[in-house]
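A look at the structure
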Amino acid sequence: MTRTQMADHAGVSLRTFNNWLRPLEPQLTQMGYLPGSRSIPPHVVRWLCEYFCIDVGPISKH
């Protein structure tokens, strides 16, 4: 999933979503998501959905 798609699911602009992610960069980097990457790995999408209470529908566990 891309950051733009996540922002759409969260109902915010990409700029706001990026601002949300900024303080989480250390945790995201530990999970393998580098700041500035376009695609967000599925396990990070799942974590962000839980952290921000975002409903994106079913997420694959693979």
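Structural notes, computed from the coordinates. (Residues numbered from 1 in each chain as written. Predicted model: local features only at pLDDT ≥ 70, side-chain atom pairs only at ≥ 80, totals over all residues. Heavy atoms only, no water.)

**With respect to the packing of aromatic side chains**
- Per the counting criterion, the structure on display carries four aromatic pairs.
- A ring pair is formed by Trp47 and Tyr51, whose centres lie 5.1 Å apart and whose planes are at 20°; its orientation type is stacked. In this pair, Trp47 and Tyr51 are both assigned in helix α4 (residues 42-52), four residues apart and thus about one turn of the helix distant.
- Among the residues examined, Trp47 registers a relative accessible area of 24% and is labelled partly exposed.
- Consider the rings of Tyr51 and Phe52, whose centres lie 4.9 Å apart with planes at 85°: the pair is edge-to-face.
- Accessibility expressed as a relative area gives 47% for Tyr51, which makes it partly exposed.
- Overall, the relative accessible area of 22% leaves Phe52 in the partly exposed class.
- Through a chain of ring-to-ring contacts, three or more aromatic side chains come together here, namely Phe17, Trp20, Trp47, Tyr51 and Phe52. (Phe/Tyr/Trp six-rings, centres within 6.5 Å; stacked < 30°, edge-to-face > 60°. Helix = DSSP H or I, 4+ residues; strand = E, 2+ residues; numbered from the N terminus. Buried < 20%, exposed > 50% of the residue type's maximum accessible area, 1.4 Å probe, protein only.)

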